[in-house]
Amino acid sequence: MSSTKPAGLPELPSVDWVLRTPAAADLIERFGRPASTQAIRAALQEARAALRAGGGAAPTAEDVAVRSFARLDEESRSTLAPLFNLTGTVLHTNLGRAVFADAAVEAALAVMREAVALEFDLASGKRGERDDHVRGLLRDLTGAEDATVVNNNAAAVLLCLNTLANGREAIVSRGELIEIGGAFRMPDIVTRAGAKLVEVGTTNRTHPKDYRAAVTAETGAILKVHTSNYRIQGFTAEAGTEELARLAKAAGLPLVHDLGSGVLIDLSRYGLRREPTVREVAAAGADLVTFSGDKLLGGPQAGYIVGRRDLVAAINRNPLKRALRVDKVRLAAIEATLKLYRDPDRLADRLPTLRLLARPLGDIEAQAARLLPHVAGALGDAFDVEPCACRSQIGSGALPLETIASAGLAIRPRGGGGRSVEALAARLRRLPRPVVGRIDDGRLLLDLRCLGDEAGFAASLASLAAAPGAAP
Ligand SMILES: *Cc1c(COP(=O)(O)O)cnc(C)c1O
C-alpha cells in the first residue's frame with residue numbers, strides 16, 4: 001500500500017508500514033491481524049482528518065500502532081466488567097443485585113467446566129430432575145411440602161397463575177396491584193398468565209368479605225401480593241394470610257402469596273426490620289409462596305415456588321415451566337447459596353448481601369477516613385473531599401422505608417470553575433474499573449458500605465489523573 005498524501009498535508013505512514021513496527025507486533029499478538037489492520041486503518045483515518053482540520057505534525061508509524069492498541073484495548077473491555085458500587089444501594093437492580101457468595105461462585109465455576117448429573121440419577125442411572133438438587137434444601141428451609149425454581153420471581157408468579165387460573169379468574173386486592181419497575185405490573189402479569197383479573201376492595205382497605213364476595217365458579221386462584229416497594233399507611237386494612245388461607249380453603253381455591261423479596265431467616269438479628277419469612281407465610285396456610293433469589297436471599301437471579309405438593313406437580317407439568325427453568329450454572333450457585341442458610345450463625349460472614357447490610361458503621365467510617373487522602377490526592381485542588389454520614393438502602397424494592405446509617409465521602413467542586421459534579425461522576429464512570437456513586441445536593445456521594453476491595457479502589461483512583469478528561 002502506498003503512503004497517503006493529500007496535497008499540502010504532511011505524509012502519513014501506510015498501513016503496511018505501521019504493521020511492520022515493533023509495536024504492531026504486540027498488537028497482532030494480542031488482537032490478531034484482521035482486527036489490528038482495521039484498527040490501524042481507523043487510526044490513520046482519524047489522523048488524516050485531524051491533519052486536514054488543524055494541521056500539525058503527522059504521527060509516526062509507531063504512534064499509529066500505539067493508538068491502535070489503545071483503541072482495541074478499550075473496545076475489548078467487557079461492558080459487564082466489575083465496577084465499584086458506591087451508590088449506597090446494596091441490592092441495586094441496575095448493577096446486578098446480589099453479589100454471589102464465594103461458595104456459590106466456586107460451585108458455578110465447577111459445573112461450567114465439567115459434565116454434571118443435572119437431570120440424571122446417579123443411583124439408578126436413570127433420568128433425574130433438575131429440581132432434585134434444591135428441593136430438599138428448600139423444603140427444610142421453608143417447611144413447605146415441595147419446591148421448584150425458575151428464572152426469576154416474575155416468572156414464578158406468571159407460572160403459578162398460568163397453572164392455576166388460565167382461562168379463569170384471579171382475585172387480587174386493589175391495594176396490592178403493584179408495579180415493580182421495568183414492565184412488571186401485576187395486572188399485566190395476571191392477564192399474560194391467561195387469567196382474568198378480579199380486583200377487590202379499595203386502595204387502602206380490603207376485607208376478607210371482599211374476597212368472599214368475589215369468589216365464583218370461574219375463580220381459579222386468590223393472589224396475595226406483598227407490597228414490597230411501597231407502604232400504605234393510615235386508615236388501612238388488609239386480609240392477612242391466615243384469614244385468606246381459611247377463606248380459600250373453604251372455597252376450595254388455592255391461595256398464592258407473592259412475597260417478593262423472600263427472606264428465609266429473621267432479619268432483626270442483623271439490625272433490619274422484621275419481615276415475614278417464607279416459612280411463616282407457608283405455615284400461615286398459603287398454598288404456594290413465590291419469592292426472588294437475588295433480593296434479600298442474596299443468591300443468583302431466580303424465582304422460587306414453594307408449597308403444596310400437588311400444586312408444584314401441576315406447575316412442573318406446565319409446558320411454560322420448561323421455558324422458564326434455570327441452567328446448571330445458576331442451579332449450582334443456588335444450591336451453594338441455600339446451603340449457607342443451614343448455618344445461620346456464620347451466614348453474615350459468608351453471604352455478601354447480609355454482610356454488607358450488617359456491616360458495622362464504625363467499620364465504614366474508618367474506611368472513609370483511610371480513603372479520604374487517596375481520593376483528595378487523586379482529584380487535586382479542584383475538589384473538596386470530606387467524610388460524611390449518609391444512609392444506605394437495601395434496594396430492589398425490599399423494605400423501601402428502611403435506610404441504614406452509613407458513611408462515605410462527599411465530593412464538591414471547589415469554587416465553581418465550570419467543574420460540575422456531573423462531569424466528575426462521568427469521569428469516575430470511565431475508569432477501567434468504573435466507580436458509581438450518587439449525586440446528592442450538589443455533591444458526589446461515595447457511600448462506602450459496599451466497598452470490599454479498598455486497595456483496588458485506591459489504585460483505581462490513582463489512575464484517574466491519567467484518565468481521559470482528567471484535570472489539567
Ligand atoms: C421484586 C418482586 C417481584 C419480581 O421479582 P424478580 O425476581 O425481580 O423477577 C415480584 N413481586 C414482588 C412483590 C416483588 O417485590
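Asks: Would you explain the domain arrangement of the protein chain in this entry?
Replies: Interface size is often expressed as the accessible area that is lost when the parts come together. For the protein chain, the assigned domains read domain 1 (9–76), domain 2 (84–93 + 356–466) and domain 3 (102–346). Here the C-alpha centroids of domain 2 and domain 3 sit 35 Å apart. With 12 residues of domain 2 at the contact, the number on the domain 3 side is 14 residues. Contact between domain 2 and domain 3 buries roughly 1,000 Å² in total, counting both sides, with carbon and sulfur atoms accounting for 72%. Taken together, the links from domain 2 to domain 3 amount to zero salt bridges. Summed over the shared surface of domain 2 and domain 3, the number is one residue pair in polar contact (both at pLDDT 80 or more). Broken down by element, the side of domain 2 that touches domain 3 gets its largest block of residues, six residues, from strand E14 (residues 398–413). Here the residues of the side of domain 2 that touches domain 3 are counted per class, giving nine nonpolar, two polar and one charged.

Asks: I keep staring at the environment of glycine 55 and nothing clicks. Help me out?
Replies: Note that glycine 55 resides in the loop between helix H3 (33–54) and helix H4 (61–76). On the accessibility criterion, glycine 55 (32% relative accessible area) is partly exposed.

Asks: Before we go on, may I ask you to explain the pairing of strand E11 (residues 288–292) in this structure?
Replies: Residues in a regular strand point their side chains to alternate faces of the sheet. Here E11 lies mainly inside the structure; five of its five residues are buried. Pairing geometry for strand E10 (residues 255–258) and E11, over three bridges, is parallel. From the neighbouring strand, valine 256 faces E11, where its bridge partner is leucine 288. As judged from the five bridges shared by E11 and strand E12 (residues 303–307), these two strands associate in the antiparallel manner. Bridging from a neighbouring strand, phenylalanine 291 pairs with tyrosine 304 of E12.

Asks: Sorry, what's going on with the layout of surface pockets here?
Replies: In this approach a probe as big as a water molecule rolls over the atoms, and the regions it shows empty are the leftover space. Roughly 1,400 Å³ of internal volume is contained in the largest pocket. Ala81, Pro82, Leu83, Phe84 and Arg433 are the residues nearest the centre of the largest pocket, which is lined by 45 residues in total. In terms of residues, the lining of the largest pocket owes the most to one element, helix H16 (residues 352–357), which gives four residues. Of the domains in this structure, domain 1 (9–76) and domain 2 (84–93 + 356–466) are the two that each give at least three residues to the lining of the largest pocket.

Asks: Explain a nonpolar patch on the surface to me, please; I cannot follow it from the model alone.
Replies: A cluster of nonpolar side chains, namely Phe100, Val105, Leu109 and Met112, defines an oily patch on the protein surface of about 320 Å² accessible area. Examined against the element boundaries, methionine 112 turns out to sit in helix H5 (residues 102–113).

Asks: What is the right way to read the packing of aromatic side chains from this model?
Replies: For any two aromatic rings, the description comes down to two numbers: the centre-to-centre distance and the angle of the planes. By the definition in use, this model includes three aromatic pairs. Between phenylalanine 31 and phenylalanine 69 the ring centres are 5.5 Å apart and the planes differ by 70°, which places this aromatic pair in the edge-to-face class. Placement of phenylalanine 31 in helix H2 (residues 22–31) and of phenylalanine 69 in helix H4 is noted, with a sequence separation of 38 residues between them. With centroids separated by 5.1 Å and ring planes inclined at 20°, the aromatic side chains of phenylalanine 291 and tyrosine 304 adopt a geometry described as stacked. In this pair, phenylalanine 291 is assigned in strand E11 and tyrosine 304 in strand E12, connecting sequence segments 13 residues apart. We note that phenylalanine 291, like tyrosine 304, is buried.

Asks: For this particular structure, what's the right way to read the site of the ligand?
Replies: Near the ligand, the surroundings consist of 13 residues, among which Ala154, Ser228, Asp258, Ser292 and Lys295 are the closest. A distance of 2.6 Å separates a nitrogen atom of the ligand from a polar side-chain atom of aspartate 258. Serine 292 has a polar side-chain atom sitting 2.4 Å from an oxygen atom of the ligand. Contact with the protein chains covers 95% of the free accessible surface of the ligand, which is 380 Å². Tallied by class, the residues present in the shell around the ligand amount to four nonpolar, six polar and three charged.

Asks: Honestly, the side chain of arginine 449 in this entry has me stumped. Any pointers?
Replies: On the secondary structure map, arginine 449 appears in the loop between strand E17 (443–447) and helix H19 (454–462). Buried and unpaired, arginine 449 has aspartate 447 as its nearest opposite-charge partner, separated by 4.9 Å. Of note is the side chain of arginine 449, whose polar atom sits 2.7 Å from the backbone oxygen of leucine 356. Once you skip the residues sitting within four places of it in the chain, arginine 449 turns out to touch Val90, Leu356, Leu357, Ala358, Arg359, Ile364, Ser392, Ile404, Ala405, Ser406 and Ala407.

Asks: Would you mind going over unusual backbone geometry with me for this structure?
Replies: Negative phi is the rule for most residues except glycine; trans is the rule for most peptide bonds. Non-glycine residue arginine 97 carries a positive phi angle of around 50°. Tracing the backbone shows arginine 97 in the loop between strand E1 (84–85) and H5. Of note in this structure, aspartate 441 is not a glycine but carries a positive phi near 55°. In this structure, aspartate 441 sits in the loop between strand E16 (438–440) and E17. Taking relative accessible area as the criterion, aspartate 441 reaches 62% and is therefore assigned exposed.

Rules and cut-offs
Residues numbered from 1 in each chain as written. Predicted model: local features only at pLDDT ≥ 70, side-chain atom pairs only at ≥ 80, totals over all residues. Heavy atoms only, no water. Domains from an automatic or database assignment. Contact = heavy atoms within 4.5 Å. Buried area = accessible area lost by both parts, 1.4 Å probe. Salt bridge = Lys/Arg side-chain N within 4 Å of Asp/Glu carboxyl O. Polar contact = N/O pair within 3.5 Å; in protein donor to acceptor, adjacent residues only side chain to side chain. Helix = DSSP H or I, 4+ residues; strand = E, 2+ residues; numbered from the N terminus. Nonpolar A, V, L, I, M, F, W, Y, C, P; charged D, E, K, R; others polar. Buried < 20%, exposed > 50% of the residue type's maximum accessible area, 1.4 Å probe, protein only. Pairing = 2+ DSSP bridges. 1 Å grid on protein atoms, 1.4 Å probe; cavity = no way out; pocket = protein on both sides within 12 Å on 5 of 7 lines; lining within 4 Å. Points joined across faces, edges and corners; volume = space filled by probe spheres on them. Patch = residues over 30% accessible without salt bridge, like charges linked within 9 Å, V, L, I, M, F, W, Y side chains within 5 Å. Areas by Shrake-Rupley, 256 points an atom, 1.4 Å probe, with all protein chains shown as cover. Phe/Tyr/Trp six-rings, centres within 6.5 Å; stacked < 30°, edge-to-face > 60°. Near = heavy atom within 4 Å. Lys, Arg positive; Asp, Glu negative; His and termini not counted.

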